[in-house]
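# Observations on the model geometry
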Amino acid sequence: MKHKFQNHIADVAHSRRGARLSSRGFTLIEMLVVLGISVILATGGFLSLWNLRKHQALRLAAESMVAFLREAQSRSATQEGGVGWGVHFENSTDRDSYWLFSGSVIEDPVDKVALPATVGLDTPSDEVFFSKVSGLPDFPTIVKIKLLGDDSSVRTITINAQGTIEQNQLYE
């Protein structure tokens, strides 16, 4: 009986010692699991942030284009320089752009803006010309811009016959 009791005490002491050793730190497996989860979460966060920045660039490009068109319309209505003003939209092999021109000289830009590297025109090269005094466009125009490589994210800028310039979000 004494022998069984001593074996039981030895087993309890051994199990307590083992419990104390394992409670001192983390195993390699536990550390690898935590590291793996951290990497997955960080990657997801980075991709989400990158996508947000691209969509923000599209929105800002559309807002800048609307302001630029309104500036051309305002210059025409106030007859700045005694001429009408317009905006030309240019599809290019590198970066698409648009520029302000006065009179009928489209090739002589007064102010030129390149679209961000992630944004491009989704319409062919075109221009809109605003008449003096009224500031009305020569014809209604729709300009579409999109995220390059993502045909589902498109913004439209509409210039209607009454001279209203507005931006609409098609997809995103």
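Residues numbered from 1 in each chain as written. Predicted model: local features only at pLDDT ≥ 70, side-chain atom pairs only at ≥ 80, totals over all residues. Heavy atoms only, no water.

## Remarks on the overall build of the protein chain
How we decide: We count a stretch as a helix when DSSP gives it H or I for four or more residues in a row; a strand needs E for two or more, and each element gets its number in order from the N terminus. To sort residues, take the accessible area from a 1.4 Å probe on protein chains only and compare it with the maximum for the residue type: under 20% means buried, over 50% means exposed, and anything in between is partly exposed. Here, Shrake-Rupley sampling with a 1.4 Å probe gives the accessible areas, and only protein chains in the shown set may cover a residue.
Secondary structure assignment for the protein chain yields 2 helices and 8 strands. When its helices and strands are written in sequence order, the protein chain yields α-α-β-β-β-β-β-β-β-β. Taken over 172 residues, the protein chain has a buried fraction of 28%. Summing over all exposed atoms, the protein chain offers an accessible surface of approximately 11100 Å²; the carbon and sulfur share of this is 59%.

## Concerning the packing of aromatic side chains
Counted only if it meets this: Each Phe, Tyr or Trp ring (for Trp, its six-membered ring) is paired with any other whose centre lies within 6.5 Å, and the angle between the two planes then decides the class: stacked below 30 degrees, edge-to-face above 60, tilted in between.
Within this structure, the stated rule accounts for 3 aromatic pairs. A centroid spacing of 5.0 Å and a plane angle of 80° characterise the contact between F68 and Y98, whose relative ring orientation is edge-to-face. Residue F68 is located in helix α2 (residues 28–77), and its partner Y98 is located in strand β2 (residues 97–102); the two are separated by 30 residues in the primary sequence. Y98 matches F68 in its accessibility class, with the two residues each being buried.

## Regarding the pattern of salt bridges
Defined as follows: Salt bridges are identified by distance alone: a Lys or Arg side-chain nitrogen within 4 Å of an Asp or Glu carboxyl oxygen.
Counting across every chain of the model gives 5 salt bridges. Notably, a salt bridge pairs E63 with R59, separated by 3.1 Å at the nearest N-O pair. Here R59 and E63 lie together in helix α2, a separation of 4 residues that amounts to about one turn. Looking at E63, the relative accessible area reads 36%, which means it is partly exposed. Its relative accessible area of 29% is what places R59 among the partly exposed residues.

## What about the side chain of Q73?
Just so we agree on the cut-off: Pairing of N or O atoms within 3.5 Å defines a polar contact, subject to two protein rules: one partner must be a possible hydrogen donor and the other a possible acceptor, and residues neighboring in sequence count only if both atoms are side-chain atoms.
Structurally, Q73 can be placed in helix α2. With relative accessibility at 17%, the residue Q73 sits in the buried group. One polar contact links the side chain of Q73 to the main-chain carbonyl oxygen of G135, over a distance of 3.1 Å.

## Things to note about unusual backbone geometry
Phi is mostly negative for residues that are not glycine, and the peptide bonds are mostly trans. In this structure, Q79 takes a positive phi of about 55° despite not being glycine. Even without a glycine there, the phi angle at V133 is positive, about 65°. One can find V133 in the loop between β5 (126–130) and β6 (141–147).

## Points about a nonpolar patch on the surface
What counts here: To count toward a patch, a residue needs a relative accessible area above 30% and no salt bridge. Like charges then connect within 9 Å, nonpolar side chains (Val, Leu, Ile, Met, Phe, Trp, Tyr) within 5 Å.
Where nonpolar side chains cluster on the molecular surface, the patch consists of L28, L32, L35 and V39 and spans about 400 Å² of accessible area. By the secondary structure assignment, L32 is in helix α2.

## Some thoughts on the sheet that holds strand β3 (residues 111–114)
Filter applied, for reference: DSSP-based pairing: two strands are paired if at least 2 bridges between them are found. Angles shown run from 0 to 180 degrees and are taken between the N-to-C directions of axes, each axis being a line fitted to C-alpha atoms and, for helices, limited to the stretch in contact.
Reading across from one edge, β3-β2-β1-β5 is the order of the 4 strands in this open sheet, with antiparallel pairing throughout. Both outer strands of the open sheet, β3 and β5, are each paired with one neighbouring strand and no more. The average angle at which neighbouring strand axes cross in this sheet is 15°, direction not considered. Sheet topology note: the strand β1 (residues 85–90)/β2 ladder contains 6 bridges and is antiparallel. Looking at the pairing, W85 lines up with S102 of β2.

## Digging into the nonpolar core
The criterion, for reference: What is meant by a nonpolar core is a set of buried Ala, Val, Leu, Ile, Met, Phe, Trp, Tyr and Cys residues, joined one to another through side-chain atoms within 4.5 Å. Residue contacts are counted whenever heavy atoms from the two residues lie within 4.5 Å of one another.
The biggest cluster of nonpolar side chains holds 25 residues, and the ones touching the most others in it are M65, L69, V87, F89, L115, V119 and I145. Residue contributions to this core peak at 9 residues, all from α2. Among all residues touching V87, those that are not within four sequence positions of it are F68, L69, A72, Y98, W99, L100, F101, D126, E127 and V128.

## Digging into α2
What counts here: By this rule the span expected of a helix is its residue count minus one, scaled by 1.5 Å.
With 50 residues, α2 ought to run about 74 Å at 1.5 Å a step, and its terminal C-alpha atoms sit 73 Å apart, in line with that. Looking at the residues trailing α2, positive phi occurs at Q79, about 55°.

Don't take any of this as a statement about function, it's just geometry.
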